[in-house]
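Chain by chain, the residues:
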Amino acid sequence: MLNVIIVDDELLARENLRCLLDNDSQINIVAECNNAMDAIREIHRLAPDVVFLDIQMPKINGLEMLSMLDPQTMPHIVFLTAYSEFAVKAFEEQAFDYLLKPIEQDRLNKTLSRLHKKCPVADINQLSGIDQQLKYIPCIGHNRIYLLSNDDVFYISSKVCGIYVFNQNNNEYFTELTLKTLEDKTSLIRCHRQYLVNLKKLKEIRFNEAGSVDIILNNDVAVPVSRRYLKSLKEILGL
């Protein structure tokens, strides 16, 4: 049995694919999403074997969304597109397959046959091509998606309730991306198990009497530095 998530901003397209997939008794559709942020959350929550992913979506398209997923837990990706020219780009991003819309049952069956022969979890080595840096960090708030430029980010914190991105005014924005993905796909530096920091915003490093160390940012916010990351931080700064 393969657990599947369908991601497409068009309702009719999702319904059509669902009907075609229902003809395979070994397919279990665990979620349907109409945007990338919902899809990232459901992929983290449900850990599907396969994601059928539309390329042309507003705000964050399918190719951009793929770069925001953690390669260590990457499902098989089958891209959906109405334009054949996107197929080359899809395979550059190490997609398992791509399907041209409108999707035909015979063509889908070939994809499913290959998927059933594969292991449920994608081969990480086959996903090594997904290494482009993020141009922005997608965040959720007030029924909208904020696309924060990396240059606008001062630090990122991992809390019990999720991952939060902070700007110059120390406003916090929730993101579905993992701290590991943000570390790997941005220029932010790990300074603590729960923190990433933008060294371009560095004002000073403060060594406290109690032995703790803080990074003081340009907006005077203090971000803790753990002993584990202090040495590597000094090397980066040439100290």
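Residues numbered from 1 in each chain as written. Predicted model: local features only at pLDDT ≥ 70, side-chain atom pairs only at ≥ 80, totals over all residues. Heavy atoms only, no water.

Looking at this structure, how should I read the domain arrangement of the chain?
Interfaces are often sized by the accessible area lost when the parts come together. You can read the domains of the chain as domain 1 (2-117) and domain 2 (136-237). Taken together, the eleven residues of domain 1 in the interface contact eleven residues of domain 2. Here domain 1 meets domain 2 over a buried area of about 1,100 Å², counting both sides, of which 65% is carbon and sulfur. Counting the surface domain 1 buries against domain 2, the share from its top three residues, Met37, Lys59 and Met68, is 47%. Of the charged contacts, one joins arginine 41 and glutamate 176 as a salt bridge, the two residues approaching to 3.6 Å between their closest N and O atoms. The interface formed by domain 1 and domain 2 contains three residue pairs in polar contact (both at pLDDT 80 or more). Breaking the side of domain 1 that touches domain 2 down by element, the ones donating at least two residues are helix H2 (36-46) and helix H3 (62-67). If you tally residues by element for the side of domain 1 that touches domain 2, the top one is H2, at four residues. Split by residue class, the side of domain 1 that touches domain 2 holds five nonpolar, two polar and four charged. (Domains from an automatic or database assignment. Contact = heavy atoms within 4.5 Å. Buried area = accessible area lost by both parts, 1.4 Å probe. Salt bridge = Lys/Arg side-chain N within 4 Å of Asp/Glu carboxyl O. Polar contact = N/O pair within 3.5 Å; in protein donor to acceptor, adjacent residues only side chain to side chain. Helix = DSSP H or I, 4+ residues; strand = E, 2+ residues; numbered from the N terminus. Nonpolar A, V, L, I, M, F, W, Y, C, P; charged D, E, K, R; others polar.)

Hey, could you run me through the packing of aromatic side chains in this one?
A full pass over the atoms with the stated rule returns four aromatic pairs. Centroid distance tyrosine 155 to phenylalanine 166: 4.4 Å. Interplanar angle 5°. Geometry classified as stacked. Separated by eleven residues along the polypeptide, tyrosine 155 in strand S8 (residues 155-159) and phenylalanine 166 in strand S9 (residues 162-166) bring together distant segments of the chain. Owing to a relative accessible area of 6%, phenylalanine 166 belongs among the buried residues under this scheme. Three or more aromatic residues joined by ring pairs form one cluster here, namely Tyr155, Phe166 and Tyr195. In this arrangement the basic side chain of arginine 114 is found over the ring face of phenylalanine 96, its NZ or CZ atom lying 4.3 Å from the centre. Above the ring of tyrosine 164, the side-chain terminus of lysine 159 is found at 5.1 Å from the ring centroid. (Phe/Tyr/Trp six-rings, centres within 6.5 Å; stacked < 30°, edge-to-face > 60°. Buried < 20%, exposed > 50% of the residue type's maximum accessible area, 1.4 Å probe, protein only. Lys NZ or Arg CZ within 6 Å of the ring centre and 35° of its normal.)

Would you mind going over the pairing of strand S4 (residues 76-81) with me for this structure?
Most of S4 sits inside the fold, with six of its six residues counted as buried. The alternating pattern of S4 places His76, Val78 and Leu80 and Ile77, Phe79 and Thr81 on opposite faces, both of which are buried. Both strand S3 (residues 50-54) and S4 contribute to a ladder of five bridges, which runs parallel. If you follow phenylalanine 52 over to S4, its bridge partner there is valine 78. Following the backbone out of S3, through H3 and into the adjacent parallel S4, one traces a crossover that is right-handed. (Pairing = 2+ DSSP bridges. Right-handed = clockwise from strand over helix to strand, strands pointing away.)

For this particular structure, what's the right way to read unusual backbone geometry?
Across the chain, the bulk of peptide bonds are trans and the bulk of non-glycine residues have phi less than zero. Following lysine 101, the chain continues to proline 102 via a peptide bond in cis, the omega torsion being -5°. By the element assignment, proline 102 lies in the loop between strand S5 (97-100) and helix H5 (105-117). Backbone geometry places alanine 47, a non-glycine residue, at a positive phi of 50°. Inspection of the secondary structure assignment puts alanine 47 in the loop between H2 and S3. Positive phi outside glycine occurs at aspartate 220, with the angle close to 70°. Residue position: aspartate 220 is located in the loop between strand S14 (213-217) and strand S15 (222-225). The class for aspartate 220 is exposed, based on a relative accessible area of 52%.

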